[in-house]
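Overview (structure and organization)
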Amino acid sequence: MALLGQTLPRTLHGSANTPEAVQVLAKAEKYSKQAIEITPTLPKPENLTDENFASAKNQTLAMAHSGLGLVFVRQGKNAEAIPELEQAIKIDPNPDPVNYYLLGMANKITTHFDDAITAFNKCAAMTGPMQVTCKSQAEDAKKLSTTQLSAPK
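Residues numbered from 1 in each chain as written. Predicted model: local features only at pLDDT ≥ 70, side-chain atom pairs only at ≥ 80, totals over all residues. Heavy atoms only, no water.

1. Quick word on the overall build of the chain
A count of helices and strands for the chain gives 7 helices and 0 strands. Shown N-terminal to C-terminal, the secondary structure of the chain runs as helices and strands in the order α-α-α-α-α-α-α. Here the C-alpha radius of gyration of the chain, 16 Å, is about what a compact globule of 153 residues would show, namely 15 Å. Counting every position in the chain, which comprises 153 residues, the buried fraction comes to 41%. Put simply, of all contacts in the chain between residues at least 6 apart along the chain, 57% involve residues at least 24 apart. As presented, the chain carries roughly 8,600 Å² of accessible surface, and 56% of it is formed by carbon and sulfur atoms. One way to put it: in the chain the 15 positive side-chain charges average out to a point 4 Å from where the 15 negative ones average out. (Helix = DSSP H or I, 4+ residues; strand = E, 2+ residues; numbered from the N terminus. Rg over C-alpha atoms; globule rule 2.2 N^0.38 Å. Buried < 20%, exposed > 50% of the residue type's maximum accessible area, 1.4 Å probe, protein only. Contact = heavy atoms within 4.5 Å. Areas by Shrake-Rupley, 256 points an atom, 1.4 Å probe, with all protein chains shown as cover. Lys, Arg positive; Asp, Glu negative; His and termini not counted. Charge placed at Lys NZ, Arg CZ, Asp CG, Glu CD.)

Here it is in structure tokens:
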């Protein structure tokens, strides 16, 4: 469920307002919320150590929170996306740069410029295809912070 909740909104192209997109985002939201609800209650299989089981649960929860955060971003609910993306990053042992990028965008749109800059800089520090985009977004957020008031937390 968590994997579907994360993958569906990432593979969606175009406007989030089309009937198909609304349906896909609703499914992704449902799957992500179910995974967040069910994962903590799963019993540990006998063949897994406590550490490996905790890690697997955290990875699943990180995917679910990431998916839910992206659903909210695509729906324009950026303030709701922020805590989901923060949670995804917090519990993932190897945070996904896409989650830092999305967190940066949600913070930038909600005029939390310092938080946006921090998220973009963390994304930009990770080697990969997001690096250049995140550096550019960090610079843009810095410029905006000098011309616009930041929203209070």
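Moving on from the coordinates now.
2. Focus on the packing of aromatic side chains
To describe a pair of aromatic rings, you give the distance between the ring centres and the angle between the ring planes. Per the stated rule, a full pass over the model turns up 1 aromatic pair. Taking 6.1 Å as the distance between ring centres and 55° as the angle between the ring planes, the aromatic pair formed by tyrosine 101 and phenylalanine 120 counts as tilted. Separated by 19 residues along the polypeptide, tyrosine 101 in helix H5 (residues 97-109) and phenylalanine 120 in helix H6 (residues 113-124) bring together distant segments of the chain. Assessed through its relative accessible area of 0%, phenylalanine 120 is described here as buried. (Phe/Tyr/Trp six-rings, centres within 6.5 Å; stacked < 30°, edge-to-face > 60°.)

3. A short note on the state of the cysteines
As enumerated under the stated definition, the model contains 1 disulfide in all. Sulfur-sulfur distance for the disulfide between cysteine 123 and cysteine 134 comes to 2.0 Å. With the S-S dihedral at roughly 65°, the linkage between cysteine 123 and cysteine 134 falls on the right-handed side. Residue cysteine 123 is found in helix H6, and its partner cysteine 134 is found in helix H7 (residues 131-147); the two are separated by 11 residues along the sequence. Using a relative accessible area of 0% as the deciding quantity, one classes cysteine 123 as buried. (Disulfide = S-S within 2.5 Å.)

4. Focus on the packing of helix H2 (residues 19-38) against helix H3 (residues 50-74)
For the pair H2 and H3, interaxial distance at closest approach is 8 Å and the crossing angle is 150°. Regarding H2 and H3, the two cross each other, and that crossing is left-handed. Together, Leu25, Ala28, Glu29, Ser32, Lys33, Ala35 and Ile36 of H2 and Leu61, Ala64, His65, Gly67, Leu68, Val71, Phe72 and Arg74 of H3 make up the contact between the two elements. Of the residues belonging to the contact of H2 with H3, the class tally is 9 nonpolar, 3 polar and 3 charged. (Axes fitted to C-alpha atoms, helices over the stretch in contact; angles between N-to-C directions. Left-handed = near helix turned anticlockwise from the far one by under 90°. Nonpolar A, V, L, I, M, F, W, Y, C, P; charged D, E, K, R; others polar.)

5. What about the nonpolar core?
Tyr101, Leu103, Phe120, Cys123 and Cys134 are the most contacted members of the largest nonpolar core, which has 23 residues in total. For tyrosine 101, the residues in contact, after removing those within four places along its chain, are Phe120, Cys123, Met130, Thr133, Cys134 and Gln137. (Core = buried A, V, L, I, M, F, W, Y, C linked by side-chain atoms within 4.5 Å.)

6. Re the packing of H3 against helix H4 (residues 78-91)
Closest axis-to-axis distance for the H3/H4 pair is 8 Å, and the angle between their directions is 160°. As far as their axial angle goes, H4 and H3 are roughly antiparallel. Crossing geometry of H3 relative to H4 is assigned as left-handed. Facing Asn58, Leu61, Ala62, His65, Ser66, Leu68, Gly69, Leu70, Phe72 and Val73 of H3, the residues of H4 in contact are Asn78, Glu80, Ala81, Glu84, Leu85, Gln87, Ala88 and Ile91. When grouped by side-chain class, the residues that make up the contact of H3 with H4 number 10 nonpolar, 6 polar and 2 charged. (Parallel < 35°, antiparallel > 145°, perpendicular 65-115°, else oblique.)

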